[in-house]
Amino acid sequence: MSDVTARPRAIGIPMDRVDGVQKVTGTATYAYEWPLDQPVYLYPLQSTIATGRVTAVDSALAEAEPGVLAVLSHLNAPTLTRPDDPELAVLQSDEVAWRGQFIGAVVAESLETARRAAGLVRVGYQSRPHDVVLRADREDLYTPAHTAAFGTGGGELQDGSPADSVLGDAQTALAAAPVMVDATYSTPMYHNNPMEPHTAVVTWRDGELIVRCSTQGVSFSQALISGVLGLEPGRVRVISPHVGGAFGSKVYPHSYAVLAAMAARIVRRPVKFTLTRQQMFALVGYRPASIQRIQLGADRTGTLIAIAHDVIEQTARAKGYAEQVAVCSRMMYAAPHRRTTHRLAPLDVPVPTIMRAPGEAQGMYALESAVDEMAIACGLDPVEFRIRNEPEVHPESGLPFSSRHLADCLREGARRAGWGRRDPAPRARREGRWLVGTGVAASTYPSPRFPGNAATVRMGPDGHCTVRIAAADLGTGTWTALTQIAADALGVTVGQVEMRIGDTALPAASVAGFSAGINSWGTAIWEAADRLRARLRTEHGGIAPPGGLEATAELPGGHPEAERWAMHSFGAQFAEVRVDEDTGEVRVARLLGMFDVGRVINPKTARSQLIGGMIQGMSMALYEHSVLDPRFGHVVNHDLAQYHIACHADVHSVEAHWLDEPDPHTNPMGAKGLGEVGIVGTAAAIANAVHHATGVRVRALPVTLDKLLP
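This one's a predicted model, so the numbers in the text were calculated from it and none came from an experiment.

Rules used in this analysis
Residues numbered from 1 in each chain as written. Predicted model: local features only at pLDDT ≥ 70, side-chain atom pairs only at ≥ 80, totals over all residues. Heavy atoms only, no water. Helix = DSSP H or I, 4+ residues; strand = E, 2+ residues; numbered from the N terminus. Rg over C-alpha atoms; globule rule 2.2 N^0.38 Å. Buried < 20%, exposed > 50% of the residue type's maximum accessible area, 1.4 Å probe, protein only. Contact = heavy atoms within 4.5 Å. Lys, Arg positive; Asp, Glu negative; His and termini not counted. Charge placed at Lys NZ, Arg CZ, Asp CG, Glu CD. Salt bridge = Lys/Arg side-chain N within 4 Å of Asp/Glu carboxyl O. Axes fitted to C-alpha atoms, helices over the stretch in contact; angles between N-to-C directions. Parallel < 35°, antiparallel > 145°, perpendicular 65-115°, else oblique. Left-handed = near helix turned anticlockwise from the far one by under 90°. Expected span 1.5 Å × (residues − 1). Polar contact = N/O pair within 3.5 Å; in protein donor to acceptor, adjacent residues only side chain to side chain. Pairing = 2+ DSSP bridges. Core = buried A, V, L, I, M, F, W, Y, C linked by side-chain atoms within 4.5 Å. Phe/Tyr/Trp six-rings, centres within 6.5 Å; stacked < 30°, edge-to-face > 60°. Lys NZ or Arg CZ within 6 Å of the ring centre and 35° of its normal.

Caption draft 1: Spatial organisation of the overall build of the protein. A tally of regular secondary structure across the protein gives 14 helices and 26 strands. What you see for the protein is a C-alpha radius of gyration of 26 Å, in line with the 27 Å of a compact globule of 710 residues. A principal-axis box enclosing the C-alpha atoms of the protein has dimensions of 75 × 75 × 50 Å. Within the protein, buried positions represent 61% of all 710 residues. Long-range pairs, those at least 24 residues apart, make up 81% of the contacts in the protein with a sequence separation of at least 6. Taken together, the 65 basic and 74 acidic charged side chains of the protein have centroids lying 2 Å from each other.

Now the structure itself:
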């Protein structure tokens, strides 16, 4: 790998966002804002039953409305190439797989007209009994047979891991352990609620489909949309330079883009389509609910002997999706005997999807709560217990870690949080009617590099450089971080770099997600810059020729170093909570995170990412809960008035710190992923603090006052 220390140091500078002025002046163009000539508007029809079939569609009144151009349903929709995918192949049959599924659409000259006309369409149904309740004693639980994300097979989870793992004999070791914890933890459905709704603005032009949509990856969207429409990928162009948040929900599905494309082809006009907040609760996925049994066995010194983590999670009956909830238990702590399992419960609900730190966010809540219980059972400080059980290598694969400084995060975080002053006894600290407690939890998330990335770098004779890659900026700072990486890789200042991202007309890029963006895109840019510098040196004496010079690097494969090293980010979360003894109200007075995320590209945007993740973890712990009505099969609190998230008044002191420890193996920059690790562990730290404050152990999120009062 190239030596970043030999280059000018744009990396590591807390640089303002290069797109900041556009954002605050409103000139950054988001998907729905692209100007079009004579656009029309689409409003969807959604099923009002949870499962069954559509028996009749009467659209006469809607079609008679002035300004209505078309009413689509399965009776007249164009044929698509993937009729077996209920998310992408919209309007291809009369089958209804969940409440809120697309069953039609109205296209009109105005959004108001389309919405009014949609209310005039009369739909007949033949409903079937539905089942939407997740229980551990279901008889139809099954082992994941595929992954929803990228099409791998063979009993794998969403991240490609095997569904089950076994090392030693966990059950025998647990039965013989002098100290044991056996507890079940549960997490509800959570819905991604990015500020910008899901949007598609679609135009057909000379046989080419142009899609301006809110997506976490234009290249991946291009592949999905072209595939389902039966088009060559080169005939579909996806443009998305600015995205107003996503949290995983905009990796896929892209059914709304497909529906808009179908409508645009029928009416021969550009179509604008955006989902309402309520519609998003049924159409763009969510974090699936889970039931997790954790069994830990330790000797009397507090050394773990056995770990078992058995997960049951919900999925859609129509299309399976399996998250790697227990994978964190495979690598967090040393123990000779280990078992993890994943089982899916098929329900008549919408298809789940990726949500920030998918799998690890739920799994670490359960694991770190159980570890807290075990530390107490062993009579050990929770920080010391975690350090005592640190593994020297990955406990199951045997690979050494590319870098692992979790113990340093725990020690330094404890120092900054004032952990040493803590009385370990529950209910030991009181301020008036408030019971005060502190809790800790560890965090982790993989730091992968995805295949399918390419970058082109061009340098003009004046030293101005243009960098092209179809990366995505979800508001996370991609524009800025990649500019800094390119500047250091090229040996120029950031002012000499012009970045172009978010368009399939650019070299392909993997999706923004899984803490893989900077690792994947930054490596491609670094490699292209190295090639350009080599050509300049060998062919032109180090000076760009009059016509300029460019170089392209394609990194189609994975990460060769990942075969030799286990690559993960780590962190330690500390929480101080106050619980009203009379009402059970919980307030988080302080959150402090100490992270091991390699070399930080931009401290300003990194701090925002980590703090944002921690606040989202607090929201997961105390507020968020998608309430499913079993009678009708839909989420009833499907807007931000009822789906509660942490707001400004809930957030007090939040601190994010990190170690200055570059990783020598992840990428040329020495960086590791930090987009996900901030949320992981936060919910457990808060729940552990609530136990310390009250003596009540809450094992089912969210931690609401009814669970704390007698």
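Caption draft 2: Representation of the environment of Ala572. Following the sequence through the fold, Ala572 ends up in strand 22 (residues 568-580). Through-space distance from the C-alpha of Ala572 to that of Gly413 is 6.6 Å; in sequence the pair is 159 residues apart. What Ala572 contacts, discounting residues up to four positions off in sequence, is Cys409, Leu410, Ala441, Ala442, Leu592, Gly593 and Met594.

Caption draft 3: The arrangement of the pattern of salt bridges in detail. In the structure shown here, the tally under the stated rule is 42 salt bridges. Notably, a salt bridge pairs Arg564 with Glu561, separated by 2.8 Å at the nearest N-O pair.

Caption draft 4: The packing of helix 13 (residues 603-622) against helix 14 (residues 682-694), seen in detail. Axis separation between helix 13 and helix 14 bottoms out at 7 Å; the angle between their running directions is 55 degrees. Taken together, the axes of helix 13 and helix 14 lie oblique to each other. Crossing of helix 13 against helix 14: the hand is right-handed. For the pair formed by helix 13 and helix 14, the contact residues are Met614, Gly617, Met618, Met620, Ala621 and Leu622 on the first element and Thr682, Ala683 and Ile686 on the second.

Caption draft 5: Spotlight on helix 13. Over its 20 residues, helix 13 runs 28 Å from end to end, which matches the ideal 28 Å to within 8%, given 1.5 Å per residue. Burial within helix 13 is extensive, with 14 of its 20 residues counted as buried. Among the residues of helix 13, the N-terminal cap falls to Asn602, whose side-chain oxygen and the backbone nitrogen of Lys604 are separated by 2.9 Å.

Caption draft 6: Seen up close, the sheet that holds strand 14 (residues 304-316). If you walk across this open sheet you meet the five strands as 7-15-14-13-8, and the pairing is mixed. With partners counted over all chains shown, the strands left at the sheet margins are strand 7 (165-167) and strand 8 (179-187), one partner each. Between one strand axis and the next, the sheet turns through 10 degrees on average, direction left out of account. Strand direction decides the pairing type here: strand 14 and strand 15 (residues 337-347), joined by eleven bridges, are parallel. In the strand pairing of strand 15, Gln314 is matched with Ala345. Its contacts with the sheet put helix 8 (residues 360-377) on strand 8, strand 13 (290-298) and strand 14, and the angle it makes with strand 8 is roughly 150 degrees.

Caption draft 7: Looking closely at the pairing of strand 5 (residues 102-108). Burial of strand 5 is extensive: seven of the seven residues sit out of reach of the surface. Pairing between strand 1 (residues 40-46) and strand 5: six bridges, direction antiparallel. By the bridge assignment, Leu42 is partnered in strand 5 with Val107. As paired strands, strand 3 (residues 68-73) and strand 5 are joined by five bridges and run antiparallel to one another. Across the sheet, Ser73 pairs through a bridge with Gly104, a residue of strand 5.

Caption draft 8: Inspection of the side chain of Thr682 at higher detail. Topologically, Thr682 is positioned in helix 14. Residue classification places Thr682 among the buried residues on the basis of a relative accessible area of 0%. Among all residues touching Thr682, those that are not within four sequence positions of it are Gln573, Leu591, Met614, Gly617 and Met618.

Caption draft 9: Inspection of the environment of Gln216 at higher detail. Structurally, Gln216 is set in the loop between strand 10 (208-213) and helix 5 (218-229). Sequence separation between Gln216 and Ala246 is 30 residues; the distance between their C-alpha atoms is 7.2 Å. With residues up to four places along the chain from it excluded, the contact list for Gln216 reads Ala246, Phe247, Gly248, Ser249, Lys250, Val251, Ala472, Leu474, Val511, Ala512 and Gly513. Engagement of the side chain of Gln216 in a polar contact is seen with the backbone nitrogen of Ser249, the distance being 3.4 Å.

Caption draft 10: A look at the nonpolar core. Judged by nonpolar contacts, the single largest core of 194 residues is most densely connected at Leu229, Ile469 and Ile686. The dominant element in this core, judged by the number of residues it contributes, is helix 6 (residues 255-267), at ten residues. Beyond its immediate sequence surroundings of up to four residues, Ile686 is in contact with Ala575, Val577, Val588, Leu591, Met618, Ala621 and Leu622. The next biggest cluster of nonpolar side chains, apart from the first, holds 16 residues, and it includes Tyr43, Ile49, Val96 and Ala108.

Caption draft 11: Just the sheet that holds strand 17 (residues 434-446), in detail. An order of 16-17-22-23-26 is seen for the five strands of this open sheet, with the pairing classed as mixed. Since the sheet does not close on itself, it has two edges, and those belong to strand 16 (429-431) and strand 26 (653-658), each with one partner. On average, each strand axis in the sheet is inclined to that of its neighbour by 25 degrees, with strand direction left out of account. Across three bridges, strand 16 lies against strand 17 in antiparallel orientation. Counterpart to Arg430 in the pairing with strand 17 is Leu435. On the sheet, helix 10 (residues 406-417) packs against strand 17, strand 22, strand 23 (586-596) and strand 26 and is oriented at approximately 140 degrees with respect to strand 23. Helix 13 rests against strand 22, strand 23 and strand 26 of the sheet, and its axis sits at about 130 degrees to strand 26.

Caption draft 12: Seen up close, the side chain of Gln101. Residue placement: Gln101 occurs in the loop between strand 4 (95-96) and strand 5. In terms of polar contacts, Gln101 uses its side chain to reach the backbone amide nitrogen of Ala97, at 2.7 Å. In this structure Gln101 touches Leu45, Gln46, Ser47, Glu95, Val96 and Leu283, once residues within four positions along its chain are discounted.

Caption draft 13: Highlighting the environment of Met594. Mapped onto the secondary structure, Met594 falls in strand 23. Taking relative accessible area as the criterion, Met594 reaches 2% and is therefore assigned buried. A sequence separation of twelve residues divides Met594 from Ala606, and the C-alpha atoms of the two residues are 13 Å apart. Excluding its chain neighbours within four sequence positions, the residues that come into contact with Met594 are Cys409, Glu412, Gly413, Arg416, Phe570, Gly571, Ala572, His657, Trp658 and Leu659.

Caption draft 14: Inspection of the packing of aromatic side chains at higher detail. All chains considered together, the criterion is met by seven aromatic pairs. With 5.9 Å between their ring centres and 80 degrees between their planes, Phe401 and Phe570 make a pair best called edge-to-face. On the criterion of sequence distance, the pair formed by Phe401 in the loop between helix 9 (382-388) and helix 10 and Phe570 in strand 22 is long-range, its members being 169 residues apart. Comparing Phe401 with Phe570 shows no difference in burial state: the two are buried. One cation-aromatic arrangement involves Arg212 over Trp34; the distance from NZ or CZ to the ring centre is 4.8 Å. The side chain of Arg265 reaches across the aromatic face of Trp204, ending 4.0 Å from its centre.

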